[in-house]
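Observations on chain architecture
Here is what each chain is made of, one letter per residue.
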Amino acid sequence: MKRAFDLLVAVVVLLVFAPLLFVLALLVRFNLGSPILFRQQRAGFQGKPLLICKFRTMTDARDAAGNLLSDEMRLTPFGKFLRSSSLDELPELLNVLKGEMSLVGPRPLLLKYLEHYSPEQMRRHDVLPGITGWAQVNGRNVLTWDQKFRLDVWYVDHQSFWLDLKILALTGYKMVKREGINQPGQATAEEFTGSN
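Now for a look at the structure at hand. Residue indices begin from 1 for each chain and proceed along its sequence in written order. Since the coordinates come from a predicted model, pLDDT governs what is reported: local features require at least 70, and pairs of side-chain atoms require 80 or more to be given and counted, while whole-chain, interface and lining totals use all residues. Derived side-chain values reflect all non-hydrogen atoms in the structure, with water molecules and hydrogen atoms excluded from consideration.

Some points on the pairing of strand β2 (residues 49-55)
Note the following rule: To sort residues, take the accessible area from a 1.4 Å probe on protein chains only and compare it with the maximum for the residue type: under 20% means buried, over 50% means exposed, and anything in between is partly exposed. By definition, any uninterrupted DSSP run of H or I lasting at least four residues is a helix, any uninterrupted run of E lasting at least two residues is a strand, and each is numbered from the N terminus. Being paired, for any two strands, means DSSP has found at least two bridges between them.
Taking burial as the measure, the seven residues of β2 include five buried ones, the bulk of the element. Inspection of the sheet shows strand β1 (residues 37-43) paired to β2 by seven bridges, in the antiparallel sense. Bridge pairing links Arg 39 to Cys 53 in β2.

Structure (structure tokens):
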């Protein structure tokens, strides 16, 4: 039932919002250059590598030595808008169509974090990663890593169709209110190096 629901919603959203996706792609190209999509390997189901794609939110600005500037310096106001509104996540619906992700589940994180997880934290990979999740509607980036992982594992233990519907509804509400975004001066979440 979850897979059928994921497919139905992903297809409908991609069809209905195709004009918006086209406009966003043009705006990304105009404001940030190419490539339009940001691709990165993350840890998917059972920790297996997953290539996600999102709309790009940062420039390729470099210093005099040719090194990339910090994330904070490369994140433009347009990029901040894409992130705070979660519009940058829309291309991940393609991952949902391919069965690599679900609409709801723990967010896919960097592969290098796998070596730092405790056995309990590793359980977050017992389900497909999601575009949104229980941690995202309960604080998102203002949570500590330990808080996020506890919420992820709680979802794994309590997942249901009705809980997914609740999370999707709360996601829409949080997007409108723009709750849980990064603090001023913080472009990306702090790196996870293991629990204390």
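Further notes follow.
Topic: the environment of Leu 82
This is how the line gets drawn: Here, residues are in contact when the closest pair of their heavy atoms is within 4.5 Å.
When you line up the elements, Leu 82 lands in helix α4 (residues 77-85). Leu 82 sits 80 residues away from Lys 2 along the chain, and the two C-alpha atoms are 27 Å apart. Setting aside residues up to four positions removed in sequence, Leu 82 forms contacts with Leu 24, Val 28, Phe 55, Arg 56, Thr 57, Leu 87 and Asp 88.

Considerations on the packing of aromatic side chains
Put simply, the rule reads: Here a Phe, Tyr or Trp ring, Trp counted by its six-membered ring, pairs with any other such ring whose centre lies within 6.5 Å, and the pair is stacked when the planes are under 30 degrees apart, edge-to-face when over 60, and tilted otherwise.
Taken as a whole and judged by the stated rule, the model has 10 aromatic pairs. Summarising the aromatic geometry, the rings of Trp 145 and Phe 192 are spaced 5.6 Å apart at their centres and angled 55° between planes, so their arrangement reads as tilted. Taken together, the residues Trp 145 in helix α7 (residues 145-158) and Phe 192 in the segment after α8 (161-177) connect sequence positions 47 residues apart. Grouped by ring-pair contacts, the aromatic residues Tyr 113, Tyr 117, Trp 145, Phe 149 and Phe 192 constitute a single cluster.

Observations regarding the nonpolar core
The following threshold applies: What we call a nonpolar core is a set of buried Ala, Val, Leu, Ile, Met, Phe, Trp, Tyr and Cys residues that are connected through their side-chain atoms within 4.5 Å.
Ranked by size, the top nonpolar core spans 31 residues in total, and within it Phe 55, Leu 82, Leu 93, Leu 103, Trp 134, Tyr 155 and Ile 167 carry the most contacts. Looking at this core, the elements with two or more residues in it are α1 (2-16), α2 (18-32), β2, α4, α5 (93-97), β3 (102-104), α7 and α8. At five residues, α2 tops the list of elements feeding residues into this core. What Leu 93 contacts, discounting residues up to four positions off in sequence, is Ala 10, Val 13, Leu 14, Leu 103 and Ile 131. Among the nonpolar cores identified, the runner-up in size contains six residues, and Leu 109, Tyr 113, Trp 145 and Phe 149 belong to it.

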